[in-house]
Amino acid sequence: EKHWKSKQTEIDTITCYINPYPFFTNINTNTNTMSSFAAQILSPGGGILLIPFIRMVIMVLFCTTLTAFCFGVARIHMAILSFLAGGLLLAISFFMSEYEKALENSKRKSSSSTEPASRSSVAARTGERAKTD
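Because the structure is predicted, anything quoted here is derived from the model rather than measured. (Residues numbered from 1 in each chain as written. Predicted model: local features only at pLDDT ≥ 70, side-chain atom pairs only at ≥ 80, totals over all residues. Heavy atoms only, no water.)

Asker: Would you mind going over the overall build of the protein in detail, with residue names and values included?
Answerer: Scanning the protein for helices and strands turns up 4 helices and 2 strands. Going from the N terminus to the C terminus, the protein shows its helices and strands as β-β-α-α-α-α. Sequence separation of 24 or more characterises 32% of the internal contacts of the protein that already satisfy a separation of 6 or more. (Helix = DSSP H or I, 4+ residues; strand = E, 2+ residues; numbered from the N terminus. Contact = heavy atoms within 4.5 Å.)

See the structure below:
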């Protein structure tokens, strides 16, 4: 039994129920999505997911403090805050570029380790001399 009365409409053997109160539906329908997102963030290395959001927030802070500086509101404070926000943006950009380089290097190493090793590389690792013909 439903708590609200519904109008029944029949269209080519399809029955549709029209909810007259669409805002009073079950809100907890996407709990799996939120719990999986929270699980991803809390897992090791999950903070990387938040970097685009953090970058956006710092950019808004930078624009706000720079605008306040231009309008003359607490000029020295806004200049220092703008400088700090700009430094944070540069630091995050540097971190992301180095992180992507590290990921590429790890992918290259994993793909090269799956290739068969040549005789000279095996000899170099074991300390033997490679035979030259």
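Asker: Mind laying out helix α2 (residues 51-70), listing which residues take part and the relevant values?
Answerer: Along an α-helix, a turn takes 3.6 residues, which lines up residues three or four apart on a common side. With 20 residues, α2 extends 28 Å from end C-alpha to end C-alpha; this agrees with the ideal 28 Å at 1.5 Å per step. Burial in α2 covers these residues: I51, I58, T65 and A68. For α2, the angular spread of the buried residues around the axis is 120°, confining them to a single face. Relative to its buried face, α2 has exposed residues pointing more than 90 degrees away, namely P52, F53 and C70. G72 lies just past α2 and shows a positive phi near 85°. (Expected span 1.5 Å × (residues − 1). Buried < 20%, exposed > 50% of the residue type's maximum accessible area, 1.4 Å probe, protein only. Arc of directions from axis to C-beta.)

Asker: Summarise the environment of I51; cite the residues concerned and give the values.
Answerer: Its location among the elements puts I51 in helix α2. By relative accessible area, I51 is classed as buried at 11%. Along the sequence, I51 and I92 sit 41 residues apart, while their C-alpha atoms lie 8.0 Å from each other. The contacts of I51, once residues within four sequence positions are left out, are I92, F95 and M96.

Asker: Account for the environment of V73, naming residues and giving values.
Answerer: Mapped onto the fold, V73 is located in the loop between α2 and α3 (75-114). A relative accessible area of 49% places V73 in the partly exposed class. Those residues in contact with V73, other than ones at most four positions away along the chain, are A68 and M78.

Asker: Can you break down the packing of aromatic side chains residue by residue, with the values?
Answerer: Enumeration according to the criterion identifies 1 aromatic pair in this entry. With a centroid separation of 6.0 Å and an interplanar angle of 20°, the aromatic rings of F95 and Y99 are classed as stacked. Highlighted residues: F95 and Y99, both in helix α3, separated by 4 residues, approximately one helical turn. For R75, the ring lying beneath its charged end belongs to F69, and the centroid distance is 4.7 Å. (Phe/Tyr/Trp six-rings, centres within 6.5 Å; stacked < 30°, edge-to-face > 60°. Lys NZ or Arg CZ within 6 Å of the ring centre and 35° of its normal.)

Asker: Residue-level account of a nonpolar patch on the surface, with values.
Answerer: On the surface, F37, L49, L50, F53, I54, M56, V57 and V60 cluster together into a nonpolar patch covering about 700 Å² of accessible area. For the nonpolar patch, the leading source of residues is α2, giving 5 residues. Residue placement: V60 occurs in helix α2. (Patch = residues over 30% accessible without salt bridge, like charges linked within 9 Å, V, L, I, M, F, W, Y side chains within 5 Å. Areas by Shrake-Rupley, 256 points an atom, 1.4 Å probe, with all protein chains shown as cover. Salt bridge = Lys/Arg side-chain N within 4 Å of Asp/Glu carboxyl O.)

Asker: Outline the pattern of salt bridges, listing residues and values.
Answerer: Tallied over the entire structure, the rule returns 2 salt bridges. A salt bridge links K101 to E98; the nearest nitrogen and oxygen atoms lie 3.6 Å apart. Placement of the pair is K101 and E98 together in helix α3, with a separation of 3 residues, close to one helical turn. Relative accessible area serves as the criterion here: at 35%, E98 is assigned to the partly exposed category. Here E104 makes a salt bridge to R108, at a shortest N to O gap of 3.9 Å. Placement of the pair is E104 and R108 together in helix α3, with a separation of 4 residues, close to one helical turn. Relative accessible area serves as the criterion here: at 44%, E104 is assigned to the partly exposed category.

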